[in-house]
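Results of the structural survey
Residues per chain are reported as follows:
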Amino acid sequence: QVQLVESGGGLVQAGGSLRLSCAASGRTFSSYGMGWFRQAPGKEREFVAAISWSGGTTYYADSVKGRFTISRDYAKNTVYLQMNSLKPEDTAVYYCAARSPGRRTTVISEYDYWGQGTQVTVSS
């Protein structure tokens, strides 16, 4: 069992930065691949970024590539999403999720555990 708690969301102007954190409970954190997804009002939840269980491989949606960076700290059982050059279209609720090894990285249904989400609002 893994419990996930996101933090770090807020209101920022376009061009600004935010860092989201996802604190995981449980001793098996290091065995899970981790991902960030987002859902804007009236839209479906979409993949943003992911990192492998080893931390050696990262994946990004084309819309955030070059602006967002995902990382993980095993000592703190925490995954981060550094978001730079934010745009109004990045406004959404951001969710952290955990998947077992071997599961598909960008597919929502492949993730076993989810956090409650944190709101990110980017003003123009």
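Coordinates for the structure precede this section.
A brief look at the structure comes next. Remember, it's a predicted structure, so these values are computed and weren't measured experimentally.

1. A closer look at the packing of aromatic side chains
Considering all chains together, one arrives at six aromatic pairs under this definition. Both rings, one in Phe37 and one in Tyr111, keep their centres 4.9 Å apart while their planes meet at 85°; by these two values the pair is edge-to-face. On the criterion of sequence distance, the pair formed by Phe37 in strand β4 (residues 33-39) and Tyr111 in the loop between β9 (92-99) and β10 (113-114) is long-range, its members being 74 residues apart. The rings of Phe37, Phe47, Tyr111 and Trp114 are connected pair by pair, giving a single aromatic cluster. Positioned above the aromatic ring of Tyr95 is the side chain of Arg45, whose terminal nitrogen or guanidinium carbon lies 3.7 Å from the ring centre. Directly above the ring of Phe29 sits Arg72, whose terminal nitrogen or CZ lies 4.5 Å from the centroid.

2. Considerations on the sheet that holds strand β8 (residues 78-83)
If you walk across this open sheet you meet the four strands as β1-β3-β8-β7, and the pairing is antiparallel. Single-partner strands in this sheet number two, and they are β1 (3-7) and β7 (68-73). Between one strand and the next, the sheet's axes are offset by a mean angle of 15°, whatever the strand orientation. Alignment of β1 against strand β3 (residues 18-25), held across five bridges, turns out to be antiparallel. Bridge pairing in β3 links Glu6 to Cys22.

3. Topic: the pairing of β9
The buried count for β9 comes to eight of eight residues, which makes it a mostly enclosed element. For β4 and β9, the ladder comprises seven bridges, and the chain directions are antiparallel. Counted as the bridge partner of Arg38 is Tyr94 from β9. Where β9 and strand β11 (residues 118-123) come together, three bridges link them in antiparallel fashion. Bridging from a neighbouring strand, Ala92 pairs with Val120 of β11. Inspection of the sheet shows β9 paired to β10 by two bridges, in the antiparallel sense. Across the sheet, the residue bridging to Ala97 is Trp114, located in β10.

4. So, the state of the cysteines
Among covalent bonds in proteins, the disulfide is the one between the sulfur atoms of two cysteines. On inspection of all chains with the given rule, the structure shows one disulfide. The disulfide that involves Cys22 links it to Cys96, with 2.1 Å between the sulfurs. Torsion about the S-S bond of the Cys22 and Cys96 cystine: about -75°, corresponding to left-handed handedness. Linking Cys22 in strand β3 with Cys96 in strand β9, this pair joins segments that are 74 residues apart in sequence. Both residues of the pair, Cys22 and Cys96, count as buried.

5. Notes on the environment of Ala14
Its place among the elements puts Ala14 in the loop between β2 (10-13) and β3. The class of Ala14 is partly exposed, set by a relative accessible area of 42%. For Ala14 and Tyr113, which are 99 residues apart along the polypeptide, the C-alpha to C-alpha distance reads 31 Å. Among all residues touching Ala14, those that are not within four sequence positions of it are Leu86, Pro88, Val122, Ser123 and Ser124.

Rules and cut-offs
- Residues numbered from 1 in each chain as written.
- Predicted model: local features only at pLDDT ≥ 70, side-chain atom pairs only at ≥ 80, totals over all residues.
- Heavy atoms only, no water.
- Phe/Tyr/Trp six-rings, centres within 6.5 Å; stacked < 30°, edge-to-face > 60°.
- Helix = DSSP H or I, 4+ residues; strand = E, 2+ residues; numbered from the N terminus.
- Lys NZ or Arg CZ within 6 Å of the ring centre and 35° of its normal.
- Pairing = 2+ DSSP bridges.
- Axes fitted to C-alpha atoms, helices over the stretch in contact; angles between N-to-C directions.
- Buried < 20%, exposed > 50% of the residue type's maximum accessible area, 1.4 Å probe, protein only.
- Disulfide = S-S within 2.5 Å.
- Contact = heavy atoms within 4.5 Å.

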